[in-house]
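Survey of secondary and tertiary structure
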Amino acid sequence: MARDIGVNSLGFAKPPSETRVVVAMSGGVDSSVVAAELAAEGYDVIGVTLQLDDHGAALAKKGACCAGRDIHDARRVAETLGFPHYVLDYENTFRDAVIEEFADSYLGGATPVPCIRCNERVKFRDLLETARDLDADCMATGHYIQRRQGEARAELHMAADPARDQSYFLFSTTQEQLDYLRFPLGHLASKAETRALAAKHGLGVADKPDSQDICFVPNGDYAAVIEKLRPGAADPGEIVEMEGRVLGQHRGVIHYTIGQRRGLGIGGLSDPLYVVRLDADNKRVVVGPKEALSTRLVPVREINWLGDAPFDSAAEWPVRVRIRSTKQPSEAIIRPTGPTSAEVELLTPEDGVSPGQACVFYAPEGSRVMGGGWIWRGY
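Counting restarts for each chain: residues are numbered from 1 in the order of the written sequence. Local features in a predicted model are, by the rule used here, given only for residues with pLDDT of at least 70; side-chain atom pairs are given and counted only at 80 or more, and totals for whole chains, interfaces and linings are based on all residues. Calculated side-chain values reflect all of the structure's heavy atoms, with hydrogen atoms and water omitted.

Starting at the N terminus, helices and strands are each numbered in turn, a helix being any DSSP run of H or I of at least four residues and a strand any DSSP run of E of at least two. From N to C terminus, the chain includes 8 helices and 17 strands. The globule rule used here is 2.2 Å times the number of residues to the 0.38 power, and the radius of gyration it is set against is calculated over C-alpha atoms. What you see for the chain is a C-alpha radius of gyration of 23 Å, in line with the 21 Å of a compact globule of 379 residues. Expressed as lengths along the three principal axes of its C-alpha atoms, the size of the chain is roughly 85 × 50 × 35 Å. Sequence-distant contacts in the chain: of pairs separated by 6 or more residues, those separated by 24 or more amount to 63%. Residue exposure ignores everything except the shown protein chains as possible cover, and the areas themselves are Shrake-Rupley values with a 1.4 Å probe. For the chain, the computed accessible surface area is about 17500 Å², with 48% contributed by carbon and sulfur atoms. Charged residues are defined narrowly, with Lys and Arg counted positive, Asp and Glu counted negative, and His plus the chain ends left uncounted. Note that the charge is assigned to NZ on lysines, CZ on arginines, CG on aspartates and CD on glutamates. Across the chain, the centroid of the 42 positively charged side chains sits 3 Å from that of the 53 negatively charged ones. Here, residues are in contact when the closest pair of their heavy atoms is within 4.5 Å.

Looking now at the packing of helix α1 (residues 29–40) against helix α7 (residues 191–200). In this analysis, axes come from line fits to C-alpha atoms, helices being fitted only over the stretch in contact, and the angle between any two N-to-C directions falls in the range 0 to 180 degrees. For the pair α1 and α7, interaxial distance at closest approach is 9 Å and the crossing angle is 55 degrees. In this view, α1 runs oblique relative to α7, as classed from their interaxial angle. Our pair here, α1 against α7, has a crossing hand that is left-handed. Contacts from Val 29, Asp 30, Val 33 and Glu 37 of α1 reach α7 at Lys 191, Thr 194, Arg 195, Leu 197, Ala 198 and Lys 200. In this classification, the charged set is Asp, Glu, Lys and Arg, the nonpolar set is Ala, Val, Leu, Ile, Met, Phe, Trp, Tyr, Cys and Pro, and all remaining amino acids, among them Gly, are polar. Of the residues assigned to the contact of α1 with α7, the class counts are 4 nonpolar, 1 polar and 5 charged. Here roughly perpendicular refers to angles of 65 to 115 degrees, roughly parallel to angles under 35, roughly antiparallel to angles over 145, and oblique to all remaining angles. Put simply, a crossing is left-handed when the front helix is turned counterclockwise from the back one by less than a right angle, and right-handed when it is turned clockwise.

For Thr 194, the position within the fold is in helix α7. Distance and chemistry together define a polar contact, namely a pair of N or O atoms within 3.5 Å, with one atom able to donate a hydrogen and the other to accept it when in protein, and with adjacent residues in sequence counting only for side-chain atoms on both sides. A polar contact is formed between the side chain of Thr 194 and the side chain of Tyr 144, at a distance of 2.7 Å. Those residues in contact with Thr 194 that lie beyond four places of it in its chain are Val 29, Asp 30, Val 33, Tyr 144, Leu 185 and Leu 188.

Multiplying one less than the number of residues by 1.5 Å gives the expected span of a helix. With 12 residues, α1 extends 16 Å from end C-alpha to end C-alpha; this agrees with the ideal 16 Å at 1.5 Å per step. The classification of residues rests on relative accessible area computed with a 1.4 Å probe and restricted to protein chains. Under 20% of the type maximum is buried, over 50% is exposed, and intermediate values are partly exposed. Of all 12 residues making up α1, 9 are buried, and the element is well covered by its neighbours. Among the residues making up α1, those that are buried are Val 29, Asp 30, Ser 31, Ser 32, Val 33, Val 34, Ala 35, Ala 36 and Leu 38. Buried residues belonging to α1 abut β1 (20–24), β2 (44–51), α3 (68–81), β4 (138–140) and α7. Phi for Gly 42, located one or two positions after α1, is positive at around 95 degrees.

To continue, consider the packing of aromatic side chains. For Phe, Tyr and Trp, rings pair up if their centres lie within 6.5 Å, where Trp contributes its six-membered ring, and each pair is then called stacked (planes under 30 degrees apart), edge-to-face (over 60) or tilted (otherwise). Enumeration over the complete set of coordinates arrives at 7 aromatic pairs. Ring geometry for Phe 171 and Trp 374: centres 5.6 Å apart, planes at 65 degrees, overall edge-to-face. With Phe 171 in the loop between β6 (154–158) and α6 (175–180) and Trp 374 in strand β17 (residues 368–375), this residue pair connects regions lying 203 residues apart in the sequence. For Phe 171, a relative accessible area of 0% corresponds to the buried category. Seen from their ring centres, Trp 305 and Trp 317 are 5.0 Å apart, and the 40 degrees between their planes marks the pair as tilted. Of this pair, Trp 305 sits in strand β12 (residues 294–305) while Trp 317 sits in strand β13 (residues 317–322), and the two are 12 residues apart along the sequence. Under the relative-accessibility criterion, Trp 305 is labelled buried at 15%.

The next thing to look at is the packing of helix α4 (residues 91–107) against helix α5 (residues 114–133). Where α4 meets α5, the axes come as close as 9 Å, and the angle between the chain directions of the two elements is 160 degrees. Between α4 and α5, the angle is such that the two are roughly antiparallel. The chirality of how α4 crosses α5 is right-handed. Along the contact surface, α4 presents Thr 93, Phe 94, Ala 97, Val 98, Glu 101 and Phe 102, while α5 presents Pro 114, Arg 117, Cys 118, Arg 121, Val 122 and Asp 126. Among the residues forming the contact of α4 with α5, the class breakdown is 7 nonpolar, 1 polar and 4 charged.

This is the structure we're talking about:
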């Protein structure tokens, strides 16, 4: 007589003991709790940690997700819970796929978001392939986002806790990747619940602080990193008005960001001026009045679409979009200009929109993530 096997908590019609899960372990509390919870449920867990930085140098860093001590923390969790753990050297891959582009984009006057590229090009591509090579049924991560099974396909949804939602950084997750990925923490109401679970499992990382910085910019000093990667990048140049009048000198385009007001060194003006554009080719910082920062039309490319119908099957899509990770989605209209490009009309203009930022799409109502793309100059 055949066994009556129901669907397990990860969506597979077999017992947890026969379901292999690779858990991407950063060494932090989130991914450690994912591993602990799945191991407690009886899943065949394998932990994998990526070494993304020079191991010796990383040991001295604090507050960075790829710091060397994090590898040791992840290994200790695996030893405590009794499942295998592997460390993969992805230092060269990470440099080529993430750091080099970050430097070039920043030098070009853009505002890059390297954490998205890391998810897209390393964690959800190379690491996911490693999980498949290990014959895993799925890969689980500690990201705060939800995967739900819709009528037509697996869907990506914002986390239950708005304060922890990481959908902005995961918009480029493809449908094929989403079918394979699992996000066990996305339904939790708060980070306090995660830490309580860590304490319940006796994990030494239960009170470990969250990482705050980009892992290869541990002190938040972008310019210093760029100068190290690209010697001579901080060449001085002119600060000019939008009409071209020279107002002063700057100490390198890499030290300025779109929307910046303070620290321009051009006092004595009757009205405040803001950085409205970075002309890296001519080493110019272009400034203007606050209203010049306002943007309504945003060109977007490299679009990853997670809707049920093809992206260019409609003339326009009413959505909500998020230009910055810290802002709530606002109403917009997407007008496709090709299979992976579009013009996005913001119904409420936003200030300081910069090339290199992500534009993430959400359903008009509810929590579903519809994809997103990268803002560019439009030429």
